[in-house]
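Observations on the model geometry
Okay, here's what each chain looks like letter by letter:
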Amino acid sequence: IGKDKKVSGIVLIDEIDKITKDYRGDPAAALLDVLDKEQNTMFCDNYIEEDLFKDKIKNLEKEYTTINKELDNKSSMFAILYEDRNSGVLPEREFLILMNKYKDDSTKLEERLKVIKKEINSSNIKKDKLKNKKTIFSKYKKIDTLNIEIVGDFIDKVLIGHLNEADNSREIKV
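Residues numbered from 1 in each chain as written. Predicted model: local features only at pLDDT ≥ 70, side-chain atom pairs only at ≥ 80, totals over all residues. Heavy atoms only, no water.

Once that is clear, we can look at the overall build of the chain. For the chain, the count of helices and strands is four helices and two strands. Counting helices and strands in the order they occur from the N terminus, the chain gives α-α-α-α-β-β. Classification of the 174 residues of the chain by burial places 21% in the buried group. When contacts within the chain are restricted to residue pairs at least 6 apart in sequence, those whose partners lie at least 24 apart make up 52%. Accessible surface computed for the chain: about 13,700 Å², of which carbon and sulfur atoms make up 53%. (Helix = DSSP H or I, 4+ residues; strand = E, 2+ residues; numbered from the N terminus. Buried < 20%, exposed > 50% of the residue type's maximum accessible area, 1.4 Å probe, protein only. Contact = heavy atoms within 4.5 Å. Areas by Shrake-Rupley, 256 points an atom, 1.4 Å probe, with all protein chains shown as cover.)

What follows is the structure, encoded as structure tokens:
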């Protein structure tokens, strides 16, 4: 969460030119520029909060419970309609119309339950990842030198592009 209170999953490193260690710069210097509060007054270290997804998960769980109750109510109502149909109170044509509506409504609600369950799982996974990132940032708040362990904690993977044989160059994506 930035100083403007907007949530962003992006860490912008302004001095990307320092990512390669050659005549153009040093990746250690680039990360130190981001992490060193004296050099970088714009960096806000509270942008990752453990409960970032708390409200979303809470609302999804509430919706999940509400839909389950609605499905139970519809099942109870359908059972009553079925009894009314068998006792002759409800004509067969009206019963068939109501039965089809019950099936359609139930199908839509069950599909929504599946989506909500996936969203809850996804949000929990993202929340756990953010918690892990917060731990990493807390661990390295005050570093004097950048070493391979620190870089390994911050970089999950490096993707390397194909070799351009025409000019013998390789586009590197980090």
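Now that the structure has been shown, we can carry on.
With that out of the way, let us pick up the packing of helix H2 (residues 54-86) against helix H3 (residues 92-139). The geometry of H2 relative to H3 is characterised by a closest axis approach of 9 Å and an angle of 160° between their N-to-C directions. Relative to H3, H2 is oriented roughly antiparallel. As for the relative orientation of H2 and H3, their crossing is left-handed in sense. Of the residues assigned to the contact of H2 with H3, the class counts are 16 nonpolar, five polar and 13 charged. (Axes fitted to C-alpha atoms, helices over the stretch in contact; angles between N-to-C directions. Parallel < 35°, antiparallel > 145°, perpendicular 65-115°, else oblique. Left-handed = near helix turned anticlockwise from the far one by under 90°. Nonpolar A, V, L, I, M, F, W, Y, C, P; charged D, E, K, R; others polar.)

Under the definition given, this model contains seven salt bridges. Note that Lys139 is salt-bridged to Asp153, the shortest N-O span being 3.7 Å. Of this pair, Lys139 sits in helix H3 while Asp153 sits in helix H4 (residues 148-154), placing them 14 residues apart in sequence. It is possible to trace a salt-bridge network through shared partners that takes in Glu63, Arg112 and Glu119. (Salt bridge = Lys/Arg side-chain N within 4 Å of Asp/Glu carboxyl O.)

All right, on to the packing of aromatic side chains then. Going through the model one piece at a time under the given rule, you end up with three aromatic pairs. On the numbers, 4.6 Å between centres and 10° between planes, the contact of Phe78 with Tyr102 is stacked. Residue Phe78 is located in helix H2, and its partner Tyr102 is located in helix H3; the two are separated by 24 residues in the primary sequence. When its relative accessible area of 19% is taken as the criterion, Phe78 is described as buried. (Phe/Tyr/Trp six-rings, centres within 6.5 Å; stacked < 30°, edge-to-face > 60°.)

Of all residues in the chain, 66% attain a pLDDT of 70 or more, and the chain-wide mean is 76. Mean pLDDT across the elements of the chain ranges from a minimum in helix H1 (residues 27-35), with 60, to a maximum in H2, with 93. Counting interchain partners and residues more than four positions distant, the pLDDT-below-50 stretch residues 12-18 has twelve contacts. (pLDDT = per-residue confidence, 0-100.)

To continue, consider H2. Under the 1.5 Å per step criterion, the end-to-end length of H2 is 48 Å for 33 residues, consistent within 8% with the ideal 48 Å. Buried within H2 are the following residues: Ile57, Leu60, Ile67, Leu71 and Phe78. Residues of H2 that are buried in the fold lie against H3. In the segment just after H2, Gly88 is the residue with positive phi, at about 90°. (Expected span 1.5 Å × (residues − 1).)

Turning our eyes to something else, we now look at H3. Relative to the 70 Å expected for 48 residues at 1.5 Å per residue, H3 spans 70 Å between its end C-alpha atoms, a close match to the ideal helical length. All of the buried residues along H3 are Phe95, Met99, Asp105, Ser106, Leu109, Leu113, Ile116, Ile120, Ser123, Ile136 and Phe137.

Attention shifts here to the environment of Leu98. Here Leu98 is to be found in helix H3. Accessibility expressed as a relative area gives 34% for Leu98, which makes it partly exposed. Sequence-wise, Leu98 and Phe78 are 20 residues apart; in three dimensions their C-alpha atoms are separated by 8.3 Å. If near-sequence neighbours (up to four positions away) are discounted, Leu98 is found in contact with Leu81 and Leu90.

In this fold, Lys103 is placed in helix H3. For Lys103, a relative accessible area of 44% translates into the label partly exposed. A sequence separation of 28 residues divides Lys103 from Ser75, and the C-alpha atoms of the two residues are 9.9 Å apart.

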